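# Architecture at a glance
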Amino acid sequence: MARSSGGPAAVAELRSGQRSRTMLLLRALVDIASAHPALPGPLPPPRDAWHLLVRAERRSPAAVDRLLLHPPVGVWLNRCLRRLRGLEPGDGPLWSAVGHLHAVAASAALLAGIDFRGAVPVRDGGVILPALGLARIPDRADVAEVVMTDRKAVVVSGPYAVTLPADFAEEAPGWHGLRRLRGEHRGIVCSPYVDDIDPYRDFLRIRGPQRLTDKERQGWQERFDSAWRLVAQQREVDPRGIGACLSSVVPVPYVAWPEPFSASSPEAYGCVLLGGATDPLTLAAALVHEAQHIKLSALMDLVPLIEQGLEEIHYAPWRLDPRPLRGLFQGVYAFAGVTGFWQDRLRRAGSGPAGDTAAFEFALRRAQTSSGLRTLLDHAELTPMGQEFLHRLEERLAQWLARPVPSVPGRLAADLIEDHRMVHRMRHLRPDPGRLAQWARAWRERSEPPRELPGTSVRPTRTEALTRPALARLRLRDPEGFARLREGGGAGSPDGGDAPDRTAPDRTDLNRAALNWVALDRAAPDRADLDWAAGDTTAALRRYRGRVAADPDDIAAWAGLALSLPGGPARTALLSHPELVLAVHREVRTAPGTGPDPVALARWIGARTGR
């Protein structure tokens, strides 16, 4: 795993560890709930569910394993334990939340083929049987019964009964089976659930059933199949290991920018949340990314790699908010896997837009991974195993860093690394007020500033997504679409009157790639950003100057200004100490439009810092 891969044998060890962990948590839940004065409510005691699980395991260990490793069971279990300990607010009656244990046991018994009768809670008009499906209950009962006799199963509530099909994945009157996606390429298979019914499927919030239509499900199947083919083709991260650890895909309504939303959680082993439709390449990279998270989380449950590391003060080159070192560890491992994926795509893609896109993503992800890895090695309190793990990862990364990439993708990736770091520093770092005042006074009086740079403190604040990464990707993936978008003029940004103020493009004239920008519900991109992406630094510099003049607190414009400047003290100061340049500018201006020329100020600071 330290080489950023992890095949089926490694994943089998991780699954075994997750099973043991879940059993321990289940036993803790039963013990705590059995002594709770408000339980069991209208349901049988929790120990009855435990005994049914024991019966099921004796008959079919695989059936119980399926339940223990079902991602929503992990989410429910952790939420419920926190609630019992007073660490999390409740959602509905406590007895119903704890009583979900009876539904887990019932599912295990059904899979094991045991005759039984057991009460289960009703929620949102139905009975959820984890890893199996949802029985709709038309009345408003709080409790129903699951009955299994001679391999015939039924959910009963008063006068209503829902008969479960022999194949639980099938549809039947009143029954929604839990369905799967399937991807296969050259015998490498991945077949996770596409979960749209379990209330605990989304580890970020509890949500009711939202059944996908046949058309929606078919769309997910087609996208997943195409993405899985790309995952299975690459050999940098073992695709069989990825397939073995992806248990469920959960469609969610969350939107992220500039990249589609995806997420995983240590409490939902094997689960990936995915937001909306995306192209196969992006989806494939997301699957690799989240599989890496899933594997590392399971490994860290077994092997300590890092001590403490929960303070959120460190820079992560893939996020604009400060992150804890543990989060940085996760990100480094995930993006190492993504780097490997794009390295493989670069090898396969050849020339043209596909090759340029792969080269850009490869260059960007390896630089992000390298930056995060260096922070961990410099600042994290690692265990001996953690040090060995990261050093082996470092050896793999060194091979990728030595590979050349074409100039345009390389330039865009390098610029975006600087862009992200500058925006982060300007957004979250605050220079020492006393020393800052001395620098501001030196500028006003044209005297020498202090010899030492002001110290800085981290003050996390609001962040915003950057537009430039999306424009870089658009330029590389579809040069024609990008050219049409740029010809349309983008949004009318101030440019000091040096160029005509063209209007936003007529969206009906843009080709498919440019329309993708519109589909993301983004405003027309700024013309300065379009000029930067096109490599026209002269035009970009003029327009970024205009943006800073119009809004001196436009942090993205300050960063764009630095990217567009030629080499020299001004560019050096903005790349190295952007928070100082911005802070001095704020200190000496009295109103918008009254501050110093930003390039002149940056040049003055750069000449005096010597870096």
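Residues numbered from 1 in each chain as written. Predicted model: local features only at pLDDT ≥ 70, side-chain atom pairs only at ≥ 80, totals over all residues. Heavy atoms only, no water.

## Examining the sheet that holds strand β1 (residues 116–121)
Basically, it comes down to this: Two strands are counted as paired when DSSP detects at least two bridges linking them. Elements are defined by DSSP. Helices are runs of H or I of four residues or more, strands are runs of E of two residues or more, and each kind is numbered from the N terminus. To obtain each axis, a line is fitted to C-alpha atoms, and for helices this fit is confined to the stretch in contact; angles are then taken between N-to-C directions over 0 to 180 degrees. The contact rule is simple, with two residues in contact once any of their heavy atoms fall within 4.5 Å.
Ordered in space as β1-β4-β5-β6, the 4 strands form an open sheet in which the pairing is antiparallel. Among the strands making up the open sheet, the edge pair consists of β1 and β6 (160–163). Each neighbouring strand pair of the sheet contributes to a mean axis angle of 25°, computed without reference to strand direction. One ladder, built from 5 bridges, connects strand β4 (residues 143–149) with strand β5 (residues 152–157); its direction is antiparallel. Bridge pairing in β5 links Val147 to Val154. Strand contacts of helix α5 (residues 94–112): β1, β4 and β5, with the helix running at about 145° to β1, the strand carrying the most contacts.

## Quick look at the pattern of salt bridges
The line we're drawing: A pair is scored as a salt bridge if a Lys or Arg side-chain nitrogen falls within 4 Å of a carboxyl oxygen belonging to Asp or Glu. Think of it in three bands: with a 1.4 Å probe and only protein chains considered, a residue is buried below 20% of the maximum accessible area for its type, exposed above 50%, and partly exposed in between.
Scanning all chains against the criterion turns up 47 salt bridges. Residue Arg348 pairs with Asp344 through a salt bridge whose shortest N-O separation is 2.5 Å. Of this pair, Arg348 and Asp344 both sit in helix α9 (residues 325–349), separated by 4 residues, roughly a single helical turn. By relative accessible area, Asp344 is classed as buried at 0%. Among the salt bridges present, the one from Asp554 reaches Arg547, with a minimum N-O distance of 3.1 Å. For Arg547, a relative accessible area of 10% translates into the label buried. The structure contains a network of salt bridges with shared partners spanning Asp419, Arg468, Asp526, Asp529, Arg547 and Asp554.

## A few points about the side chain of Asp529
We apply this condition: Pairs of N or O atoms within 3.5 Å make up the polar contacts considered here, provided that, within protein, one atom can donate a hydrogen while the other can accept it, and that residues adjacent in sequence are counted only when both atoms are side-chain atoms.
Considering the arrangement of structural elements, one finds Asp529 in helix α17 (residues 527–534). By relative accessible area, which is 6% here, Asp529 ends up buried. A distance of 3.0 Å separates the side chain of Asp529 from the side chain of Arg468, its partner in a polar contact. Look past the residues within four positions of Asp529 in its chain and what remains in contact with it is Thr467, Arg468, Leu471, Tyr544 and Arg547.

## A closer look at the environment of Trp220
Inspection of the secondary structure assignment puts Trp220 in helix α6 (residues 214–233). Here Trp220 falls in the buried class, since its relative accessible area comes to 8%. Residues Trp220 and Arg427, 207 residues apart in the sequence, show an inter-C-alpha distance of 38 Å. When residues no more than four places from it in sequence are discounted, the contact partners of Trp220 are Leu181, Leu212, Val249, Pro251, Leu274 and Gly276.

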